[in-house]
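So the chains spell out like this:
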Amino acid sequence: MEARAVAKFIRVSPRKTRLVADNIKGLPVEDALNMLRFTPKKPAKVLSKVLHSAVSNAEQLPGVDVDSLFVKHVQINEGPTWKRIMPRAMGRAYRIRKRTSHITVVVDES
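This is a predicted model, so every value here is computed, not measured.

Draft legend 1. Local environment of the overall build of the protein chain. Within the protein chain one finds three helices and five strands. Written out in order from the N terminus, the α and β elements of the protein chain read β-α-α-α-β-β-β-β. Taken against the 2.2 N^0.38 rule, which gives 13 Å for 110 residues, the C-alpha radius of gyration of the protein chain at 17 Å runs more than 25% over that of a compact globule. In the protein chain, which comprises 110 residues, the share counted as buried stands at 36%. Considering only contacts in the protein chain between residues 6 or more positions apart, those separated by 24 or more positions represent 72%.

Next comes the structure, spelled out in structure tokens:
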């Protein structure tokens, strides 16, 4: 049985999150959590929380062995972008785009 967890509107760029997410695809859950624990990037902490939530969701399903779970699928979608203005010289204004992510993690039994 597969279980999934979704985190929406996370304040981290999808491009940076995909770099971290590619490292854990296909790994057993324990190895993936260890990999994220020692990855020095902001998306690693967020992905760790979502992966832990997916494992907790799998525990609620009947007949699922938590020790045999692996990361089946990680999907990082782009959420809405916050638009901000930065004043610049001579009356100009530059746009700052603060990007957000929607993160989906699916775990399954091997």
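Having seen it, we continue.
Draft legend 2. Up close: the nonpolar core. In this structure, Leu47, Val74, Ile103, Val105 and Val107 are the most contacted members of the largest nonpolar core, which totals 27 residues. If you list the elements that add at least two residues to this core, you get strand S1 (3-10), helix H1 (14-21), helix H2 (29-37), helix H3 (42-59), strand S2 (69-78) and strand S5 (101-109). With eight residues, H3 is the single largest residue contributor to this core.

Draft legend 3. Representation of the side chain of Thr100 within the structure. Locating Thr100 in the fold gives a position in the loop between strand S4 (93-98) and S5. Within the local environment of Thr100, its side chain forms a polar contact with the backbone oxygen of Pro80, the two atoms lying 2.4 Å apart. Discounting residues that sit within four places of it in the chain, Thr100 has contacts with Phe9, Ile10, Arg11, Val12, Pro14, Asn77, Glu78, Gly79, Pro80 and Trp82.

Draft legend 4. Representation of a negative patch on the surface in the model. On the surface, a cluster of negative charge is contributed by Glu30, Asp31, Asp65 and Asp67. Structurally, the position occupied by Asp65 is in the loop between H3 and S2. Asp65 gets classed as partly exposed once you look at its relative accessible area, which sits at 41%.

Draft legend 5. Main features of the sheet that holds S5. Reading across from one edge, S1-S5-S2 is the order of the three strands in this open sheet, with antiparallel pairing throughout. Each edge of the sheet is formed by a strand with only one pairing partner; in this case those strands are S1 and S2. Averaged over all adjacent pairs, the angle separating strand axes in this sheet is 15°, with direction ignored. Alignment of S2 against S5, held across nine bridges, turns out to be antiparallel. Residue pairing in the sheet places Gln75 in a bridge with Thr104 of S5. Relative to S1, H3 is tilted by about 145°, and along the sheet it contacts S1, S2 and S5.

Procedures and definitions
Residues numbered from 1 in each chain as written. Predicted model: local features only at pLDDT ≥ 70, side-chain atom pairs only at ≥ 80, totals over all residues. Heavy atoms only, no water. Helix = DSSP H or I, 4+ residues; strand = E, 2+ residues; numbered from the N terminus. Rg over C-alpha atoms; globule rule 2.2 N^0.38 Å. Buried < 20%, exposed > 50% of the residue type's maximum accessible area, 1.4 Å probe, protein only. Contact = heavy atoms within 4.5 Å. Core = buried A, V, L, I, M, F, W, Y, C linked by side-chain atoms within 4.5 Å. Polar contact = N/O pair within 3.5 Å; in protein donor to acceptor, adjacent residues only side chain to side chain. Patch = residues over 30% accessible without salt bridge, like charges linked within 9 Å, V, L, I, M, F, W, Y side chains within 5 Å. Areas by Shrake-Rupley, 256 points an atom, 1.4 Å probe, with all protein chains shown as cover. Salt bridge = Lys/Arg side-chain N within 4 Å of Asp/Glu carboxyl O. Lys, Arg positive; Asp, Glu negative; His and termini not counted. Charge placed at Lys NZ, Arg CZ, Asp CG, Glu CD. Pairing = 2+ DSSP bridges. Axes fitted to C-alpha atoms, helices over the stretch in contact; angles between N-to-C directions.

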